[in-house]
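Notes for the structure review
Single-letter residue listing:
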Amino acid sequence: MHCRRTAVRAKSYLVYIRTHESGSFVRSSSIAFRCVAGKQKRLIRLGNRLTIYHYPVWDRHLGGTKTVAKQTQLIAFLAKMVKRNLFLMSSSAVHGFGYLEHAQTDLTSFFESNSVQKVLFIPYALTDYDAYTEKVGSVLKRWGFSCKGIHTYPDPCAAVQQAEAIYIGGGNTFLLLRTLYEKQLIDPIRDRVLNHGVPYVGSSAGTNVATRSIHTTNDMPIVYPPSFEALGLVPFNINPHYIDPDVNGTHKGETRPERISQFHELNDAPVLGLREGSTLFVGGESATLIGPPTELPGVSYGARLFRKNQEPVEFEPLSSLSFLMKEDA
């Protein structure tokens, strides 16, 4: 295997480049490379943007630093043009990590690459807005970002219009969606994210409402929203906190795959089961599954995709799921 590492500066990004002939991606702070069937593929990582670009005319070993710098500037420019930037976590609390700690590296990069300094937090999935905002805000403050709850603004819609980034936390998905409808925030959030490129972060319930509908949430319907249709930032459904059946367990109730199968008896949308610690990053029309930078032994941070009348398909971290962005809305 031949491996070379080069560093160049493109605008505000310090980009590290690794070239390989091993045929496998290497998690790097910026860019990983592989050759497949004579075509060169790039896994671009600007901040947390992980997107595969194809450059079949590039030199196999990337040429000199000058060539790399020019291409990196182009990539940075394209990244700035991306309209949809989503960071969809399965959960905020993950075994073996402190609160949000599993996502610290990637979430920090996600905010920094989008020039975010202030985060608008939406705590509607729980009832104690102040305590919830303080819990999330104290973590973000340690990472260098300010955080303010939407409930402290006299006009929630105006807060969304002025937000640098929108972060919707987890809790009860039914309560969250009902409150978003009551405060008439569905359309403003959708517009800001899809048409103005405002970064969106979701965790658990916040990830649920980012999808087509909340039909695949795990929560109890403690309130009744006017519709199960959600923000529709992605054209498929997600099941956060996805857990595999325990083959040695004694519990005889419905498994998560069985419940998703019941959803597919009446619905067609694909369902992505996100295990604890996994995150779906969406940049434009590209989607990539990521896990914690440090993975605990024996723990799977992948995801399982369920389609109607098909066997589930397993995906490991760094897998491209961009094909899901082409689903019919």
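Now for a description of the structure that goes with this document.

Criteria and thresholds
- Residues numbered from 1 in each chain as written.
- Predicted model: local features only at pLDDT ≥ 70, side-chain atom pairs only at ≥ 80, totals over all residues.
- Heavy atoms only, no water.
- Core = buried A, V, L, I, M, F, W, Y, C linked by side-chain atoms within 4.5 Å.
- Buried < 20%, exposed > 50% of the residue type's maximum accessible area, 1.4 Å probe, protein only.
- Pairing = 2+ DSSP bridges.
- Helix = DSSP H or I, 4+ residues; strand = E, 2+ residues; numbered from the N terminus.
- Axes fitted to C-alpha atoms, helices over the stretch in contact; angles between N-to-C directions.
- Phe/Tyr/Trp six-rings, centres within 6.5 Å; stacked < 30°, edge-to-face > 60°.
- Lys NZ or Arg CZ within 6 Å of the ring centre and 35° of its normal.

Before going further, it helps to examine the nonpolar core. Residues Ile166, Ile168, Leu180, Ile189, Tyr200, Val209 and Leu280 are the most contacted members of the largest nonpolar core, which totals 46 residues. Ranked by size, the runner-up nonpolar core spans 22 residues in total, among them Phe111, Phe121, Tyr132 and Tyr167.

Moving on to the sheet that holds strand β13 (residues 279-283). The strands making up a sheet are joined through hydrogen bonds of the backbone, oriented either antiparallel or parallel. The strand order across the open sheet formed by seven strands is β8-β7-β9-β10-β6-β13-β14, and the pairing between neighbours is mixed. Strands at the two margins of the open sheet, each flanked by one partner only, are β8 (146-149) and β14 (286-290). On average, each strand axis in the sheet is tilted by 20° relative to the strand beside it, whichever way the strands run.

Let us now look at the packing of aromatic side chains. As enumerated under the stated definition, the model contains eleven aromatic pairs in all. Arranged with centres 6.0 Å apart and planes meeting at 75°, the rings of phenylalanine 174 and phenylalanine 228 form a pair that is edge-to-face. Highlighted residues: phenylalanine 174 in helix α5 (residues 173-182) and phenylalanine 228 in the loop between α7 (205-208) and β11 (237-242), separated in sequence by 54 residues. By relative accessible area, which is 7% here, phenylalanine 174 ends up buried. A centroid spacing of 5.9 Å and a plane angle of 35° characterise the contact between phenylalanine 315 and phenylalanine 323, whose relative ring orientation is tilted. Given a relative accessible area of 15%, phenylalanine 315 falls into the buried group. What makes phenylalanine 323 partly exposed here is its relative accessible area of 33%. In this structure an aromatic cluster arises from ring pairing among Phe87, Phe110, Phe111, Phe145 and Phe281. Here lysine 135 stacks its cationic end above the ring of tyrosine 99, 4.4 Å away from the centre of that ring. We note lysine 148 situated over the ring of tyrosine 153; from NZ or CZ to the ring centre the distance is 4.5 Å.

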